[in-house]
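# Examining the three-dimensional arrangement
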Amino acid sequence: EWAPKMKYDLIVGNPPYYLPGKGKLSPDPVRGKCRMFLKDSWKVLLEKASSSLSPDGTAWFVTLKENQTYIEKMAGNLKLEIRDKNELIILKCQN
């Protein structure tokens, strides 16, 4: 089981844009990993970010607006608050 070694005040990420089953897989395997979640998911990413944030920490992720509803649901389940609803998702721990 993975666990963070410390808590962070800021986490910034540019994760894959496409949800599983969405988008077109690149023939280049490296680009494919960059475009869509092939191994993990937004759920796993948000779980890791949530467990890594300090009580006042913030996580910023670049995403497609079409993923917003899915991300909001995952964030709500993890007690993360979405502060911005543009293509930049800002998550804040709810204390």
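For the structure, see preceding data.
Along each chain, residues carry numbers from 1 onward, in the same order as the chain's sequence is written. Local features in this predicted model are restricted to residues of pLDDT 70 or higher, and side-chain atom pairs are both shown and tallied only at a pLDDT of 80 or more, whereas totals for entire chains, interfaces and linings draw on every residue. For side-chain calculations, the full set of non-hydrogen atoms in the structure is used, while hydrogens and water are omitted.

### Some details on the overall build of the protein chain
Strands are runs of DSSP state E lasting at least two residues, helices are runs of H or I lasting at least four, and both sets are numbered from the N terminus onward. Counting secondary structure elements, the protein chain contains 3 helices and 4 strands. Along its sequence from the N terminus, the protein chain presents helices and strands in the succession β-α-α-β-α-β-β. Buried, partly exposed and exposed residues are distinguished by accessible area as a fraction of the type maximum, computed with a 1.4 Å probe on protein chains only: under 20%, between the cut-offs, and over 50%, respectively. When the 95 residues of the protein chain are sorted by exposure, 36% land in the buried category. Contacts are assigned to residue pairs with any non-hydrogen atoms lying within 4.5 Å of each other. Put simply, 59% of the contacts in the protein chain that link residues at least 6 apart link residues at least 24 apart. Note on areas: Shrake-Rupley, 1.4 Å probe, and residue coverage restricted to the protein chains presented here. Surface exposure of the protein chain reaches about 6,400 Å², of which carbon and sulfur atoms provide 54%.

### Focus: the environment of Asn67
Along the chain, the position of Asn67 falls in the loop between β2 (53-62) and α3 (68-77). Residues Asn67 and Tyr17, spaced 50 residues apart in sequence, show a C-alpha to C-alpha distance of 8.1 Å. Setting aside chain neighbours within four positions, we find Asn67 in contact with Tyr17, Leu19 and Trp42.

### With respect to α3
Those residues of α3 lying buried are Gln68, Ile71, Met74 and Ala75. All buried residues of α3 project into a common sector of 130° when viewed along the axis, lining one side. Of the residues in α3, the exposed ones pointing more than 90 degrees away from the buried face are Thr69, Lys73 and Asn77. One or two residues past the end of α3 sits Lys79, with phi positive at roughly 60°. Think of it as the arc spanned by the lines of direction from the helix axis to the C-beta atoms.

### Examining the packing of helix α2 (residues 42-52) against α3
Running from amino to carboxyl end, α2 crosses α3 at an angle of 40°, the nearest separation of the two axes being 10 Å. On the basis of the axis angle, α2 is oblique to α3. The way α2 lies across α3 gives a crossing that is right-handed. Contacts from Trp42, Lys43 and Leu46 of α2 reach α3 at Tyr70, Ile71, Met74 and Ala75. Angles run from 0 to 180 degrees between N-to-C directions of axes, and those axes are lines fitted to C-alpha atoms, restricted for helices to the stretch in contact. Orientation labels follow simple angle bins: below 35 degrees gives roughly parallel, above 145 gives roughly antiparallel, 65 to 115 gives roughly perpendicular, and whatever is left gives oblique. Two helices cross in a left-handed way if the nearer one is turned anticlockwise from the farther one by less than a right angle. They cross in a right-handed way if the turn is clockwise.

### Some points on the pattern of salt bridges
In what follows, salt bridge is the name for a side-chain nitrogen of Lys or Arg lying within 4 Å of a carboxyl oxygen of Asp or Glu. Under the counting rule described, the total for this entry stands at 1 salt bridge. Between Lys43 and Glu47 there is a salt bridge, with the nearest N and O atoms lying 2.6 Å from each other. Of the two residues, Lys43 and Glu47 are both situated in helix α2; the distance of 4 residues between them amounts to about one turn of the helix. Lys43 gets classed as partly exposed once you look at its relative accessible area, which sits at 41%.

### Regarding a nonpolar patch on the surface
On the surface, Leu10, Val12 and Trp60 cluster together into a nonpolar patch covering about 310 Å² of accessible area. Residue classification places Val12 among the exposed residues on the basis of a relative accessible area of 64%. Without a salt bridge and with relative accessible area above 30%, a residue can belong to a patch; like charges are then joined within 9 Å and nonpolar side chains (Val, Leu, Ile, Met, Phe, Trp, Tyr) within 5 Å.

### A few points about the packing of aromatic side chains
Any aromatic ring pair is given by two values, namely how distant the centres are and how the planes are angled relative to each other. The pairing test for Phe, Tyr and Trp rings, Trp by its six-membered ring, is centres within 6.5 Å, and the orientation test on the planes gives stacked under 30 degrees, edge-to-face over 60, and tilted for anything in between. In this structure the tally under the stated criterion is 1 aromatic pair. Note on Trp42 and Phe61: the rings are 5.8 Å apart at their centroids and 90° apart in plane angle, and the pair reads as edge-to-face. Taken as a pair, Trp42 in helix α2 and Phe61 in strand β2 lie far apart in primary sequence, 19 residues in all. The pair formed by Trp42 and Phe61 is uniform in burial state, with each residue classed as buried.

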